[in-house]
Amino acid sequence: MFLERSVNKSDKTGWIEVICGSMFSGKTEELIRRIRRVKLAKQKAKVFKPKDDTRYSKKKVTSHDANSIKSKPVNNPSKIIKLSKNIDVVGIDEAQFFDDTIVDVCNELANSGKRVIVAGLDMDYQGKPFGPIPYLLAIAEYVTKVHAVCTKTGKMASYTHRIVDNDELILLGDVKKYEALSRKAFNRLNNLLQSKKD
Ligand code: ADP
Ligand code: MG
């Protein structure tokens, strides 16, 4: 489905791929799958994640299915450029937690000939576009939206519902704090919560 990066060093064409979707939709699994293929092709790959994402491991990108790959935690997107000098393929997980400078960083990496694979939540727990992800979707050559299974209906889920009562935008968590819901289930639940508040 994707072009693999040319081994011809003089053909320095880079691009951006975004993998987006709700929580549990398999973004990290898909990122890991692509990075493993790159490594099999003996290209140099490095994966970065925000320093604040310490859910499963400080130094690994880990899926909810316990699949993992080594990663470098960074607090500032500009660090990714400094640490990717000799790298062919740059992976970035949980990109929604970075500030907007991640957009220019991804462009700069791609402009310098690198393949950039970014994974992140497209919507927050309120169903609103999350941080820099909409901008990344706009500048990417390839966009993949993955889906989870709705825990209420068994249908396709594209929303993340926060089970616990907390209205901060960023609240790290897993199945104890979040569930993936279809549009219908998400709306039904939010309408119910709203009517309780009114
Ligand atoms: P993401 O990075 O999008 O949050 P991950 O790649 O970390 O997702 O995890 C995907 C895995 O989450 C699935 O393979 C599955 O084992 C698990 N999972 C837990 N809840 C669900 C759900 N509701 N729908 C689909 N997968 C789920
Ligand atoms: Mg993930």
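This text goes with the structure placed above it.
My aim in this report is to walk through the structure given alongside it, one point at a time.

Definitions and limits used
- Residues numbered from 1 in each chain as written.
- Chains lettered and ligands numbered in written order.
- Predicted model: local features only at pLDDT ≥ 70, side-chain atom pairs only at ≥ 80, totals over all residues.
- Heavy atoms only, no water.
- Near = heavy atom within 4 Å.
- Polar contact = N/O pair within 3.5 Å; in protein donor to acceptor, adjacent residues only side chain to side chain.
- Areas by Shrake-Rupley, 256 points an atom, 1.4 Å probe, with all protein chains shown as cover.
- Helix = DSSP H or I, 4+ residues; strand = E, 2+ residues; numbered from the N terminus.
- Nonpolar A, V, L, I, M, F, W, Y, C, P; charged D, E, K, R; others polar.
- Disulfide = S-S within 2.5 Å.
- Buried < 20%, exposed > 50% of the residue type's maximum accessible area, 1.4 Å probe, protein only.

Attention shifts here to the site of ligand 1. Near ligand 1 there are 14 residues, and of these Lys27, Thr28, Glu29, His64 and Val149 occur at the shortest range. One of the backbone N or O atoms of His64 is found 2.7 Å from an oxygen atom in ligand 1. Here ligand 1 has 580 Å² of accessible area as a free molecule, and 79% of this is covered by the chains. In terms of residue count, helix H1 (residues 27-40) provides more of the shell around ligand 1 than any other element does, three residues in total. When grouped by side-chain class, the residues that make up the shell around ligand 1 number four nonpolar, seven polar and three charged.

Applying the stated criterion across every chain, the model contains zero disulfides. No disulfide involves Cys20; its nearest neighbouring cysteine sulfur is the one of Cys106, lying 14 Å away. Under the relative-accessibility criterion, Cys20 is labelled buried at 2%.

Moving on to unusual backbone geometry. Within the chain, Lys42 stands out as a residue other than glycine whose phi angle is a positive 60°. By the secondary structure assignment, Lys42 is in the loop between H1 and strand E2 (45-50). Phi at Ala66 is positive, roughly 65°, even though this residue is not glycine. Mapped onto the secondary structure, Ala66 falls in the loop between strand E3 (60-62) and strand E4 (68-70).

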